[in-house]
Amino acid sequence: MLERTLYSTSARRKIAELLKAERRYLTAAEIHRLLRAENARLALSTVYRTLETLAATGVASSRADESGESSYVYCHDGHHHHAICRSCGHVDDVSCTTMDQFRATLLEEQSFALDDHAIEFFGRCAACR
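Residues numbered from 1 in each chain as written. Predicted model: local features only at pLDDT ≥ 70, side-chain atom pairs only at ≥ 80, totals over all residues. Heavy atoms only, no water.

> So what about the sheet that holds strand β1 (residues 26-27)? Which residues, and what values?
Working definition: the strands of a sheet are paired by backbone hydrogen bonds and lie parallel or antiparallel to each other. Strand order in the open sheet made by the 3 strands is β1-β3-β2, with antiparallel pairing throughout. In the strand order of this sheet, the two ends are held by β1 and β2 (60-64), each with one partner. Note: β2 against strand β3 (residues 70-74), 5 bridges, orientation antiparallel. By the bridge assignment for β3, Ala64 is matched with Ser70. Taken strand by strand, helix α2 (residues 10-22) contacts β1, β2 and β3, and its axis lies near 80° from that of β3. (Pairing = 2+ DSSP bridges. Helix = DSSP H or I, 4+ residues; strand = E, 2+ residues; numbered from the N terminus. Contact = heavy atoms within 4.5 Å. Axes fitted to C-alpha atoms, helices over the stretch in contact; angles between N-to-C directions.)

What follows is the structure in structure tokens.
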């Protein structure tokens, strides 16, 4: 039901499909340019609004670069982290199965109760090594 509601517009479908196919962080301007090259008729403002919706619903994850510009990547269900290739920008999902142990260690050793976290790993993917 969520998928039917979430992808109720062709713009949302196209943007989500593009993010899913690209598997790298893209800015709204890059997404707009790529979709226009495929003859999609979308306003840049529609791309921005759609990305905000996809991020709010967990379909996409956003991050800001050094200049503060946001970029987005498709995300599967469930909490996970990203391994980002510094050469080509490819993004792989990384499970966070060890976070429970890390959370317990923080609480035990530093008396720090972890509420949330965000982790990104940077390196080179198999194709770029």
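> Tell me about the pattern of salt bridges, residues and numbers included.
For the coordinates displayed, the defined rule picks out 3 salt bridges. The salt bridge involving Arg23 is made with Asp93; its shortest N-O contact spans 3.2 Å. Residue Arg23 is found in the loop between α2 and β1, and its partner Asp93 is found in strand β5 (residues 91-94); the two are separated by 70 residues along the sequence. For Asp93, a relative accessible area of 30% translates into the label partly exposed. A salt bridge links Arg63 to Glu120, with the nearest nitrogen and oxygen atoms 2.7 Å apart. (Salt bridge = Lys/Arg side-chain N within 4 Å of Asp/Glu carboxyl O. Buried < 20%, exposed > 50% of the residue type's maximum accessible area, 1.4 Å probe, protein only.)

> Quick rundown of unusual backbone geometry? Include the residues and the values.
Of note in the backbone geometry, Arg23 takes a positive phi value of approximately 55° without being a glycine. The backbone of Asn39 sits at a positive phi, close to 70°, despite the residue not being glycine. With respect to the secondary-structure elements, Asn39 resides in the loop between α3 (28-37) and α4 (44-56).

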